[in-house]
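# Coordinate inspection notes
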Amino acid sequence: MAGNKDLSNAIKAKKDEFYTQLVDIEKEMKYYRDYFKGKTVFLNCDDPYESNFFKYFAMNFNRLGLKKLISTCYKGSPVAQTQLPLFGDIETSKDEVRPYKIEITEVSDENNDGKIDLSDVEYLLQSDKNVLSVLDGDGDFRSEECVALLDEADVVITNPPFSLFREYISLLVEHEKDFIILGNQNAITYKETFPLIKENKVWLGASIHSGDREFRVPDTYPLNASGCRVDENGVKYIRVKGIRWFTNIDYKQRHENLILCEKYDPEKYPKYDNYDAIEVGKVVDIPCDYEEGYLVPVEYKQQLIDAGFTLGSERLDSSGNLCVCVCVDTTSLRKIVPEEQIQYCCGVMGVPITFLDKYDPTQFQILGATESEGKGFSNGIWNASSGITQPLINGNKKYKRLFIRKNALSGAAV
């Protein structure tokens, strides 16, 4: 199985031509079916010879109600001309792949067999010379031609080269495009990506939350890891860990609150040595009662209720004393509770990157990440005097973390 080390080596060698399986595309796209109606979809890293993205949207053009489908081929496609026989009268050869674009505005039952499938798409491409045309340049997504097509599109959907993910997503953001793209989870903490995730402008897709995915690779790709295979036709496949969909298109499932069952205990949730936050080693262990606010002894609870204060959870403070959390400024609170008995709690928790698979922006706020992922990523939570960017517990280093906080309690009496 290809782990992150194998992926990193592929990126360094620019051998990251991983071709997505149709089943993985279908599983993700079903969450956006209503979105696609009337949209122009651009596949700007997708040679229809090998692209299952093209097959999916061409075969489902009418069902999704698309306005237009555009696909561009890169000159260097290593598996071009191995599947759909598209070119017809356009001269081309295996030795010299010509970059081209395909523009489809309708798909009908071309062969009159009573259904619309891939054979109708093949017929359309071979018979209609206005659908397929050769590009002037090399078909690179950064080229002037492809950027012009990008401006025409409503949404971009593809599996871009992992080695160019930073540049790719930056281009989409610059041109203010909707997108659903595949990438490695390491991209979460890229400087080009993480600020977008933190600001709730980009999030993970709905269908992939763990495990690995199988991709087709070119014939020249070395199969030197476990989990690789060659099918009966000699086509090579490799399994890659840590794959995620990245999108800025909303879907219903990302607004389902994470069910929290654990309660805060200072022994179970120690504070970092070098970050103003507590350690939560597993997403399932996020405490339900750790939130930003002012902790006061629980004996004041009834007085606060009578005064109309909105109260949060009861929980232990760092000394093990039972308190109640109040979301209100200290001036109002001091009218009932002596100042020396009021403790401010920042409510910040350090959680694994996999938290994003369960992230509901109505429930949590992402504040930052450990400085080990990028300078300034911690958003002031890091104690710079420690000189160590990895999170520490009693001097022991932990894995990289995201810093989150439950959304603020609603309302407060004054």
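Here, the structure is the one placed above.
Here we summarise the structure given alongside this text.

What counts as what
- Residues numbered from 1 in each chain as written.
- Predicted model: local features only at pLDDT ≥ 70, side-chain atom pairs only at ≥ 80, totals over all residues.
- Heavy atoms only, no water.
- Helix = DSSP H or I, 4+ residues; strand = E, 2+ residues; numbered from the N terminus.
- Buried < 20%, exposed > 50% of the residue type's maximum accessible area, 1.4 Å probe, protein only.
- Contact = heavy atoms within 4.5 Å.
- Areas by Shrake-Rupley, 256 points an atom, 1.4 Å probe, with all protein chains shown as cover.
- Axes fitted to C-alpha atoms, helices over the stretch in contact; angles between N-to-C directions.
- Parallel < 35°, antiparallel > 145°, perpendicular 65-115°, else oblique.
- Left-handed = near helix turned anticlockwise from the far one by under 90°.
- Nonpolar A, V, L, I, M, F, W, Y, C, P; charged D, E, K, R; others polar.
- Pairing = 2+ DSSP bridges.

## Quick notes on the overall build of the protein chain
Looking only at helices and strands, the protein chain has 10 helices and 22 strands in total. Of all 414 residues assigned to the protein chain, the portion counted as buried reaches 50%. Here the contacts in the protein chain between residues at least 6 apart in sequence split such that 74% fall between residues at least 24 apart. On the protein chain, roughly 19,200 Å² of surface is accessible, and the fraction owed to carbon and sulfur atoms is 45%.

## A short note on the packing of helix α2 (residues 22-29) against helix α3 (residues 52-59)
Packed helix pairs are characterised by how far apart their axes lie and by the angle those axes make with each other. In the contact formed by α2 and α3, the axes pass within 9 Å of each other and the chain directions differ by 50°. By the angle class used here, α2 and α3 are oblique. For the pair α2 and α3, the crossing hand works out as right-handed. Across the interface between the two elements, Leu22, Ile25, Glu26 and Met29 from α2 touch Asn52, Phe53, Tyr56, Phe57 and Met59 from α3. Tallied by class, the residues present in the contact of α2 with α3 amount to seven nonpolar, one polar and one charged.

## Regarding the sheet that holds strand β12 (residues 243-247)
With mixed pairing, the eight strands of this open sheet are ordered in space as β5-β4-β3-β2-β6-β7-β12-β8. Of all strands in the sheet, those bounded by a partner on one side alone are β5 (132-134) and β8 (203-204). Relative to strand β7 (residues 178-184), strand β6 (residues 155-158) is paired through four bridges, and the arrangement is parallel. Looking at the pairing, Val155 lines up with Asp178 of β7. Of the strands in this sheet, β6, β7 and β12 are in contact with α2, which crosses β12 at around 40°.

## Concerning the environment of Pro160
As for its position among the elements, Pro160 is in the loop between β6 and α7 (165-174). With a relative accessible area of 1%, Pro160 lands in the buried category. Separated by 115 residues in sequence, Pro160 and Cys45 place their C-alpha atoms 6.0 Å apart. When residues no more than four places from it in sequence are discounted, the contact partners of Pro160 are Cys45, Phe165, Tyr168, Ile181 and Leu182.

From the geometry alone we can't say anything about function, so treat these as descriptive.
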